[in-house]
Structures are given as structure tokens and as C-alpha cells.
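Listed below are the residues making up each chain.
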4 protein chains.
Amino acid sequence: MKLHNTAPAAIGVVGATGYTGLEVLRVLGRHEGVRVAFATSEREAGEASAVPGLPLARSEDVDPSDVEIVFLCLPHGEAVPWAERALSAGARVVDLTSDHRPGSGREEAAVYGMADLVGTEIRDAHLVANPGCYPTGVTLALQPLVTGGLIEEGRPVVIDAASGVTGAGRTPRRDLLFAEVSGDYRAYGLGNDHRHLKEMRASFPQTPLLFQPHLLPVPRGILETIYLPVHSGVDAAAVKDAWLHAFKGAGTIRIREGGAPALSDVVGTDLVTLGAVDNVGVENVVTVVAALDNLGKGAAGQAVQNMNLMLGLEPERGLRC
Amino acid sequence: MKLHNTAPAAIGVVGATGYTGLEVLRVLGRHEGVRVAFATSEREAGEASAVPGLPLARSEDVDPSDVEIVFLCLPHGEAVPWAERALSAGARVVDLTSDHRPGSGREEAAVYGMADLVGTEIRDAHLVANPGCYPTGVTLALQPLVTGGLIEEGRPVVIDAASGVTGAGRTPRRDLLFAEVSGDYRAYGLGNDHRHLKEMRASFPQTPLLFQPHLLPVPRGILETIYLPVHSGVDAAAVKDAWLHAFKGAGTIRIREGGAPALSDVVGTDLVTLGAVDNVGVENVVTVVAALDNLGKGAAGQAVQNMNLMLGLEPERGLRC
Amino acid sequence: MKLHNTAPAAIGVVGATGYTGLEVLRVLGRHEGVRVAFATSEREAGEASAVPGLPLARSEDVDPSDVEIVFLCLPHGEAVPWAERALSAGARVVDLTSDHRPGSGREEAAVYGMADLVGTEIRDAHLVANPGCYPTGVTLALQPLVTGGLIEEGRPVVIDAASGVTGAGRTPRRDLLFAEVSGDYRAYGLGNDHRHLKEMRASFPQTPLLFQPHLLPVPRGILETIYLPVHSGVDAAAVKDAWLHAFKGAGTIRIREGGAPALSDVVGTDLVTLGAVDNVGVENVVTVVAALDNLGKGAAGQAVQNMNLMLGLEPERGLRC
Amino acid sequence: MKLHNTAPAAIGVVGATGYTGLEVLRVLGRHEGVRVAFATSEREAGEASAVPGLPLARSEDVDPSDVEIVFLCLPHGEAVPWAERALSAGARVVDLTSDHRPGSGREEAAVYGMADLVGTEIRDAHLVANPGCYPTGVTLALQPLVTGGLIEEGRPVVIDAASGVTGAGRTPRRDLLFAEVSGDYRAYGLGNDHRHLKEMRASFPQTPLLFQPHLLPVPRGILETIYLPVHSGVDAAAVKDAWLHAFKGAGTIRIREGGAPALSDVVGTDLVTLGAVDNVGVENVVTVVAALDNLGKGAAGQAVQNMNLMLGLEPERGLRC
């Protein structure tokens, strides 16, 4: 445990009543190096926030110049004005929406915060685009394999993914009611057209990706089963070696020696867990499984990891790993 | 509604307290052309069965010569002696275990009861091997496409499947306890080595299959998302045309015009629902989704469909479709 | 099976996309004595209804004089104008909202459709107020005991009830989202002030009722555990005798000899199941448990039972019992 | 955060693979004042425990004299020999089974560890009987009210309780399988004869208790809705005052000003939350609701609280509150 004699950094959370904002506050509540100075909600202003003693405030009533870092936990499409306001006031920004991610058209303005792959630039960034939940698992799993030349070009990488319902946000919708989701399982984003694809394709421009998400009847967690076309001679052991090499010292990444990760390994944590297996009777396809909590490593966990880098703290400070 | 003036056929159910046996009794309870003459359970003999007024009996206390058809709903590996006993007594048999399915080593003794593909032989069969739950969806989806020459040979067909927990049976196991399954989702049968593969490979000896099942936190239902390598020029419309042609008049098969089937479409029914979509940015892969209830079309529904064929009744008599 | 040579009765369903309307259509779909002539939805007009081949229509585009009976499956508070319109057109009405129930202020205009207790009047009624889901279990359990003089006056009857989420309707609300309900259990309607109390108090004006509902993380089903103050000498056997006497021939009411009913006994059925047990170490309190499906006997099942009575059919025709 | 310069206390956990043992290890893993020296499992000896780097050991291979405190997380009925062995070796014991609780016949040998009510004796105890999950909520809720003379003698206190399935342990049983519990809700321990009653009656010998538990389809959490007969003039405000007075400074007890606690407030924490409401139209009954996590405050949380008292640490050290 590192002892520090500096004052904790002041933090603001914009959009503190959605699932992402609530989880950011939960993680920050465990973090001894920061204090939350404001948490906003337009609709519930005046009511208690998830931070003891701190009522929710309206956006217009808080001052971003009071804080070092602002987390934007708004609905997708609503982050740009707040990002500009915070930056003008001298605060730094971690944007958890898709508004500054690769493929958004605004990616030039931000550093892409895939924290275990982009460490140094994040340290000095003023605006970090926090990665999407699905792309986090996919990108961490694939990047070392693409870099290492293990994947055979030309054949598509099939990503069959399943997510818990908090991934769809907290705005009421009929199709997210308990009685609709309970006992069901369905594919959505059919036709390889999910909005997260732009973000993934930006990371792997040479690799055709076929991404098919499904909705799981669980509150949280993502499992991605990836069917990976590999060069002749590449097996699961080689895949795991590439990960071990790339992620040495990465405290939130776990590589399973045997078996495959499950949601229950990661729900409520800020971990991503990776596994790889060979397939009997099928050549040159390794099956990769990545598991993470869409609200943990897929959102709040990586956002706080980015914050730690920006503040010069250990990357895993305060995280659940 | 067909009126019949013949007496209802007598039926025996062996293994009447597992999920499959219970579902067979549920379907037969809706069927006006049959009556259940006995239902066995070694452990619960003497207690009430799911048939009003019919207590559970020990195997040794029932007489297969009393019935026209015996359903074997035993654990896998335990059906052979009972099948022999029933056949010797002159009864016909629908075996819901894997013991006489393709790949079992005993498939020569039985007709494979994929009812919508093998109608005529079933009519005269003495012993029908009722297909497995996963193979039912896969085989119905693929057979018309293989026959029609739509699938490109050589590249693997990736079958990413998910099943509710009744697929694993009713024998107590720690990993099937509510507190273990709730909120979880995991891959199992890793490495392309699931026991259902033998059955599927027997139907498609020329096509490499990569089959990866997952365990869903729902009681029942199977969704199979199949990534299908197709010849250049073959699209989702061609896939649906092949199905429509093959399954004209098949009352338990539904082909969706748009979108993809979901578990909620089929749970509690004896239907299988099929959908197909093209994929933006990836060539020559059509995504196929098949949904069925593992206890319905995946077990009891198809077993009763086979019984109907054996008794010369309409195939969908008594089914939930 | 009764053969009938009259034409099936024409039925209209107003509000056919909520949980209650969908369930009414599901039950009517099994009923050979009726045909659904229209099903309305303002928002989804033109789309497919749950009846094969019948598109949803706007209210203004259907004619109640085409049908014998109209089911009103609207939100509470919206049924009165439609009831007047249907009655003026010569149709009879089963109102599944609370708008004509006891305590509504409009109860004089309707017959209260507690079908197993009020048979004759329902036969000739033009407007039937279909009972609420919670009151159905409570009233059926208590009425024979109050009539029989088993309950001690003056001490409150404590009704601890739990319902699945479809009881709260299908309109999107944050507190009914899957991620909010899953894993939770909570009391609501605190302080003995639930809107169903007026309806129950009208049936039992002399008996103080303490009614405390809870929200269960299940789609459907109601369990009511009732702590019943009884006269000295009254035990569970006497309670069951009173029920057996009152409900002789009532095909949707089951009285358990031993044990207590569970949700799994009744979900998906139109049954209500009753049980009673004595309590060691506590005098003059019998515990009664009633289980029913809030959408079955608690709504659509009893509505169709009322329709059967109105049409002169057997009361249980088409029901799941 | 208190800095301490003493070495962390060595702890042993006996029965480290059941739900209770796993949760004790989870809480101890967050506790900086202790280290786990051994964790036992007969069946999984040699495999990894939940403590990084510590394999599971067989009971016979560990030495209780190595540790200051042993937690017994065994099945009920199996704790006595281990308790004797540990005490003989000079270790102190927190027994999480029912074997030394009030009503067990062995309560004289132990201090009853209702930590917020019995502080001083626990400090010096050699053997602490950790309270049951249901009795913890009931006893904390009722004790200040009995002491304060708010409850009317003679009329029964009705305790309608509901628990998640981990309360029933991790040994495989058919009735605890996912497919049996999902979608169900049922009463059990019918007839006021649950084994926890002896424990509760020992705390309240003058008060007749009617305790009716139910099984919830959730992994964890207990909600107890208590219908409390009170003296004329006693209302919910008086109940809350009595609690506030009794539990001043108790860090794991929360008293809600308005509304009632829900499972979602407490699952995953070591809190118990209490609420009280008056009832319209019913005199002299206050409804009390207590919520706690059966594995948290109902088991591991209170066990670690007892350990803290025994070691002279702050009571809430390491707890999730």
C-alpha cells in the first residue's frame, strides 16, 4: 500500500444516476487518492447521490474548474458540449460515451484510452475517450495476436458476444423490462452493423471482423467467444504466450492456463480474463474467450485506470482486481 | 380437428421424473389420440406421476406388451436393456437417450428420428432414435443448404450455441445449483469435443463443424447462431428459399422473414424457428439463427411427432405449434 | 369433449398488447367456442396481433356491434368510455381494469366477477368487473371461512403477498427494468394503503385486513401467505373442510391436502391453489397459502371463465386447469 | 485509516468451499489486520482456495495452534469435534454452524455472538456461536423493542421471511437446481417448526413468535417483514427511536427514515437495514422490515465482526458497510 502525503485529487462525475455513472462513483468510493467534488443529474438534482453526504447537482450549478478530472457518463451523443466546457475550464476529461472514440469523427481530439495498450499518451492527455465495453475485450484479446502475426489475413474473425442488460443503459424501454428479458436470449445488432464495430475496425483495419452480439438475462457481464483464423502451426499455447508477453505487469488482465473464463469470474470486478483452446477436427481455428464486467473493465474500471495514469498513480489503484 | 373413432393408443413412459420424461407426459396429456398406461420411476415408485390418477411404477412392475409405444427417457447409457425388453414384448420404442443415435455405435439398429427429414422410414420403424436437442436445430438448419449446394466446402461451419440448464438433466450437481448458474454465462464442452458432435457429424460427413456450446441462466431453450461459409452469390434470401422449399407443410418449423428468432419465441412450444441475415463488410458468410425449446422440439415434441408418424396420425397432433 | 354445432361467438379485445390483453388472446386461442373478431392497439395498429392473421386495429376503426363480448384490457382509469361505447352498441363487457370494481365508485353499474362465488348473476350481466389479481386469491381463500364463522372478529387478518412483475404492467418504468428487479425483493404499497384494499374491504367489511405486497423477481405468479386469527378449536382441517364444501365442482380451484402451494404449481395455468397449516406454539392462528398466476386466474383466466358463464358454456371451457 | 504496527493475526478457516466459508475468505481478503494461515476442504484438498497462493488442505494436515482464531464453516452438526480440537490447541473459535447456538443444547459452552448486542463478553470469549441468518435480522429488530416495552405481550409476532438460496448451502439437491428455483417462490418450514425458531425463542422467551420462511429465486439476501403487535400509542416513530437509541455507533446497522429496506440495499454488504411503518385502518400493529445479506451480516460479516471484537480491533474493520 502506497502512502501518499498529497491531498486527494478532486473529481467531478457528470451523469451520476445511470449505470455507468453509479459504477464510477462506486469505484471512486474505494479509492483513497481522490475525492468526488460534484456529481450531476438534471432530473434528480437535490436528491442524494451515491456518495455519502454529496447531493446531486444540476450541470449548470457545478464548476469544472474546481476539479482535476471530469468523468462524462452521459448518454451517447451528449458529451461534446460538456467536454468543451470542462477543457475550457482547465479540467481534464475522461469521456465514457462513444462521442470521441475511433469512428466517431471526433477521435482526433482525444487519446483512445485502452489503458493496457496505450499507457504513455494517456498520462499527458487532456481528453481521453474511454473504450466501449465490447471493444475492450475484443481489442485486448486480438491486439497482441495481430501484432505477433498469428492471425491469418483474409478470413473473417467471428466474434460471438453476449452482454448483460446494463450494457443497454438505464433509460426505461419495454424490451428491457424484467418480464421481457427474464428467460429470454436473443441476437441483436444483426447484419454486422453494431455501432461498436466502427471502434473495433479502427483498431484492426486489416482484419475483417464479424461481430454478433446477444442479450443475456443477467444484469452485468460480457462474454466474447472469438473464432480466430490462425496461420498453420499456431495453437492456443502460442496465443497465450503472445498475451503473457504483451500483458506482463497488467494488473487487471488475467490469462487462464486451462479452461475458459466465465461471467462469474469477473462480474463485480475490474478484470478482463482471457482463455484460448484448440479445436479437435478443425484446422487453423483457435477459440478465444474473453470475459469482463461491462460496467467494470468495460466502463468504470478502465475509466478509473485512465484517471490513475493521468494523475501519475499506480494504474490499478482502487480497482477490484 | 380430425374426429377418430378408434380407441386411443396405449403408451408407456420409462423414466417419468426427469425433465424429458415430465415433458413427454405434459405433451401426451394434451393429445387426444393416446393414453398413458404406465410411467416408471425407480426412486419415486408409488408416488403420483404427472398423469392424474396414475401412480409411478417400478420398471419391473410394468408390462411393455400392454402398450403400443414405449418412450425411453432414461439417463444416457441406460436405454439399451429397456429397448430390448420392449421390442421383445412387441412394443415399439422411441428412445430419447443418445444410446441409438448416429455415432453411438448402435445407430444401425434404429431409425434416426429427425421427423421433418425422414418421414417415411419412421412410419414403419420399431426403434426410433430421437435426435439430440442441439443436433435438431443444427441439422434442420443445415440439411437443405448442404443438399442445395449452398455451403462452401472446406471452411468450417461455426456453431455458437447456448442452452438453458434443463439440457443438463435433473440429477443434482453443484454446478447446476441456482446460486451457481444465476447471473453466470459460460462456455463448456471446450475444444470441439461435445458428445453431440458425433451425431451432427454423421449427418454432415463432408462439412467441418466447429461446435461451441454455452450454458445460459434460463430453465429452457436453445439458441444456435451459425456462421455459415457460403458460395459467392449465396445470400440470406437464398438460404430462406432453400428452407421454404424443404419444409413446405412442416407444421413445427417456422422461417422468419426478417430479424432473428429469440428464445421467447419458442420456449414452451414444439417449434423450431429459423432466421438468416447477410453481413455488412464480410463476404460469403451468412449468419443463421435457430431457436427451439430443448425439452420441446429438442426432445418431447419431436418424440411425440415421431410417435404420431408411427401411429399413422397427423405429425403435429397434440403438439404446441 | 363437447361437440357444439352453434357458430363460435365473436369476441373483441381492447388493449391487446399489454400483458393482460396478450394473455386473454392466448387463452381465447385455445377456446373452440369463440373467435376473436378484433384486437386493438393505438400505438401498434397495423402490426400483427397475437392472433394469426388478425392485424391490430385502432379503437376507432372497430365496431363493437360486431361482437358479443368485449374484453377491456386497458390501463386502470381508461375503461369507462369504452365500456359505455360497447354497451350502447349492444355488446356485453368484461372489464379487466379496476374501473368498475368494488371501491371504484362505479361498482353499482357492474356485476363483480368473482366467478366461483357469484355464478348466477354473471350469466345475465351486461357489464362484469373482473376482479384484481391479489383480491382473487384473498377473497376465494377467506369467503368460505367468513361465511362459516371460523375467523375471530376484531383481530386483523395479515396478508403477506408477493407478485411477479407483470402485475405492474408493460409500460416502461425504470424500477421494472431487468437490471433493477433481478436479484432484488422488496415491499411496496407500504402502510396498508394499496389500491387493491378497497376491493378486498368491500368483500369483508367486518374483518380488518392488513395487506402488505412485495415485488418478486419472477415474470408471473402471486403467492399470498395469510395469517388467520381463528376461533378457539378451529384448525387447518376445519379450514380445508370449509373450502371443500364451498368449492365442490369448481374446476379452477385446487385444495392441497398437505403442504403449501408454490408458484411453480400455478404459473401458466388458470388455477388457484389453496393450502392451510397449523402452527406449533402459537394458538388460534392458522396459516393459509394461496397461489395463482396473476395473468391466469388473476386476470385472463377468470375473465374467460366469466365469458363462459355469460355465453352459457361450461365455466372451465378453454382454461388451463 | 488506522495504521497498525503489530503483525497481522493468523486465522484458519475450516470448510472453505461452502458458501459461508467462501464468504468468510472474501471478507478476510479485504482485512488488513489478519492473514489466512490455512483453509480446509476434505474433498478439494490440494486445489486452489479463494486465497491467492494458499492451497486447500485436509483437516488432519493443519495445526490449529498456528492460528489465533479458527472459523468453523462446516455443515450443521459437524462443528463440535473441530471446536474441541481448536480450543485444546489454544486457538479461539468462531463457530458459524448452529451447533453452539441457543437451543442447541450446547449454548452454555459458548458466547452468543450477536455482536451489536453482546459486545463485552465476546471480547474475552474462547468460543463464539455466530448467530443464524434469519435470527440476526429478527433479534436486532426486536430486542430494543422488547427491552423498551413497546410490544404487547400475548399476541404473536408474525415474521414473514424470505431468503435467497445460498441460505440452504452448497450441497447438491434437486430442489435447489436452477431449473427448479427459477421463476418459483414457495413457503417452507411450514407449521412454525423451522430449526431457527429455537434460537429466536431463546432470545425472546416471553414473546410468541410465528415464523414463516419462503425461498426466493435469488442467490443471496434475506427480507423479513414483521407484523408487530404494539401497545396502544406506540407507532413507527417510537420503534425507530428505540432502534436509534440502542444502535448508536453500530456501524453495520442502518435505520431508514422513510420507506422500507430492499434486498438490493444490502446484498454484497455486511449491513442490516431496518424500517418501520404504520398501517392505515389497523390499530396497534406496526410493520417492521429488516433486510440483510444471509452470507454477509447473516454469516461472514458478523463472524468477522466477532473476530474483530476478540482481537481488540474496531468492530467494523474490513467489513462492507
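Parameters at a glance
Residues numbered from 1 in each chain as written. Chains lettered and ligands numbered in written order. Predicted model: local features only at pLDDT ≥ 70, side-chain atom pairs only at ≥ 80, totals over all residues. Helix = DSSP H or I, 4+ residues; strand = E, 2+ residues; numbered from the N terminus. Rg over C-alpha atoms; globule rule 2.2 N^0.38 Å. Buried ≥ 20, exposed ≤ 12 C-beta atoms within 10 Å, placed from the backbone. Contact = placed C-beta atoms within 7 Å. Domains from an automatic or database assignment. Nonpolar A, V, L, I, M, F, W, Y, C, P; charged D, E, K, R; others polar. Core = buried A, V, L, I, M, F, W, Y, C linked by C-beta atoms within 7 Å. Least-squares fit on C-alpha atoms with pLDDT ≥ 70 in both. pLDDT = per-residue confidence, 0-100. Pairing = 2+ DSSP bridges. Axes fitted to C-alpha atoms, helices over the stretch in contact; angles between N-to-C directions. Parallel < 35°, antiparallel > 145°, perpendicular 65-115°, else oblique. Left-handed = near helix turned anticlockwise from the far one by under 90°.

1. Regarding the overall build of chain A
And step 1. The secondary structure content of chain A amounts to nine helices and 13 strands.
And step 2. A compact globule built from 321 residues would reach a C-alpha radius of gyration of about 20 Å, and chain A, at 19 Å, matches this within 12%.
And step 3. In terms of its C-alpha atoms, chain A occupies a principal-axis envelope of roughly 65 × 45 × 35 Å.
And step 4. Within chain A, the fraction of its 321 residues that count as buried is 58%.
And step 5. Taking all contacts inside chain A whose residues are at least 6 apart in sequence as the whole, residues at least 24 apart take part in 69%.

2. Observations concerning the domain arrangement of chain A
Residues and elements named next belong to chain A.
And step 1. According to the domain assignment, chain A contains domain 1 (9–131 + 298–311) and domain 2 (133–294).
And step 2. For domain 1 versus domain 2, the distance between C-alpha centres works out to 25 Å.
And step 3. Residue-level contacts link 15 residues of domain 1 with 24 residues of domain 2.
And step 4. Tallying contributions element by element places helix 9 (residues 296–311) first for the side of domain 1 that touches domain 2, with five residues.
And step 5. A class-by-class count of the residues in the side of domain 1 that touches domain 2 yields six nonpolar, seven polar and two charged.

3. A look at the interface of chain C and chain A
You'll often see interface size given as the accessible area lost when the parts meet.
And step 1. Counting residues at the interface gives 16 residues for chain C, matched by 16 residues for chain A.
And step 2. Top contributing element to the side of chain C that touches chain A by residue count: helix 5 (residues 178–181) of chain C, with three residues.
And step 3. Residues belonging to the side of chain C that touches chain A are distributed by class as follows: ten nonpolar, three polar and three charged.

4. Structural notes on the nonpolar core
And step 1. Counting 448 residues, the largest nonpolar core has Phe71(A), Phe71(B), Phe71(C) and Phe71(D) as its most contacted members.
And step 2. Excluding anything up to four places from it in sequence, Phe71(C) contacts Ile11(C), Val13(C), Val14(C), Val24(C), Val94(C), Leu96(C) and Ala303(C).

5. Considering the relation of the copies chain C and chain A
And step 1. Rotating chain C by 180 degrees and translating it 0.0 Å along the rotation axis places it on chain A, where the RMSD comes to 0.0 Å. On the angle and the small slide along the axis, the relation comes out as a two-fold axis.

6. Considering the confidence of the model for chain A
And step 1. Per-residue pLDDT for chain A averages 95, and the proportion of residues at 70 or more is 98%.
And step 2. Note on the complex model: pTM 0.96, ipTM 0.95.

7. Some words on the pairing of strand 10 (residues 222–229) of chain B
Residues and elements named next belong to chain B.
And step 1. Counting buried positions along strand 10 yields eight of eight residues, so the element is predominantly enclosed.
And step 2. Residues Ile222, Glu224, Ile226 and Leu228 line one face of strand 10 and the alternating positions Leu223, Thr225, Tyr227 and Pro229 line the opposite face, and both faces are buried.
And step 3. Pairing of strand 7 (residues 157–163) with strand 10 involves six bridges; the strand directions are antiparallel. Looking at the pairing, Ser163 lines up with Ile222 of strand 10.
And step 4. As paired elements, strand 10 and strand 13 (residues 285–292) share eight bridges and run antiparallel to each other.

8. A short note on the sheet that holds strand 9 (residues 209–215) of chain B
Residues and elements named next belong to chain B.
And step 1. Ordered by their spatial adjacency, seven strands build an open sheet running 8-9-7-10-13-12-11, and the pairing between neighbours is mixed. Edge positions in the sheet fall to strand 8 (186–187) and strand 11 (253–255), since each of these pairs with one other strand and no more.
And step 2. When strand 8 meets strand 9, the two strands line up antiparallel, connected through two bridges. Looking at strand 9, one finds that Arg186 is bridged to Leu215.

9. Notes on the arrangement of the chains
And step 1. The two partners chain B and chain C share no contact, and the minimum distance between any of their C-alpha atoms is 9 Å.
And step 2. Left apart from each other, chain A and chain D have a closest C-alpha approach of 9 Å.

10. Topic: the packing of helix 4 (residues 133–147) of chain A against helix 6 (residues 196–203) of chain A
Residue and element names in this part refer to chain A.
And step 1. One way to put it is that helix 4 packs onto helix 6 with a least axis distance of 10 Å and a crossing angle of 20 degrees. Considering the angle they form, helix 4 stands roughly parallel to helix 6. Judged by the twist between their axes, the crossing of helix 4 over helix 6 is right-handed. Counted together, Tyr134, Pro135, Val138, Thr139 and Gln143 of helix 4 and His196, Glu199, Met200 and Ser203 of helix 6 form the full contact between these two elements.
And step 2. Here the contact of helix 4 with helix 6 is composed, by residue class, of four nonpolar, four polar and one charged.

11. Description of the interface of chain A and chain B
And step 1. The interface is formed by 39 residues belonging to chain A together with 39 residues belonging to chain B.
And step 2. Split by residue class, the side of chain A that touches chain B holds 23 nonpolar, eleven polar and five charged.

12. Topic: unusual backbone geometry
Residue and element names in this part refer to chain A.
And step 1. If you check the backbone angles, Asn284 has positive phi at about 65 degrees while not being a glycine.
And step 2. Relative to the elements of secondary structure, Asn284 occurs in the loop between strand 12 (272–277) and strand 13 (285–292).
And step 3. Of the residues examined, Asn284 has 16 C-beta atoms within 10 Å and is grouped as partly exposed.

13. What to know about the sheet that holds strand 2 (residues 34–40) of chain C
Residues and elements named next belong to chain C.
And step 1. The sheet built from six strands is open, its strands ordered 2-1-3-4-6-5 with parallel pairing. The sheet is open, and its two borders are formed by strand 2 and strand 5 (111–112), each paired with just one other strand.
And step 2. Pairing geometry for strand 1 (residues 9–14) and strand 2, over six bridges, is parallel. Residue pairing for strand 2: Ala10 is matched across the bridge by Arg35.

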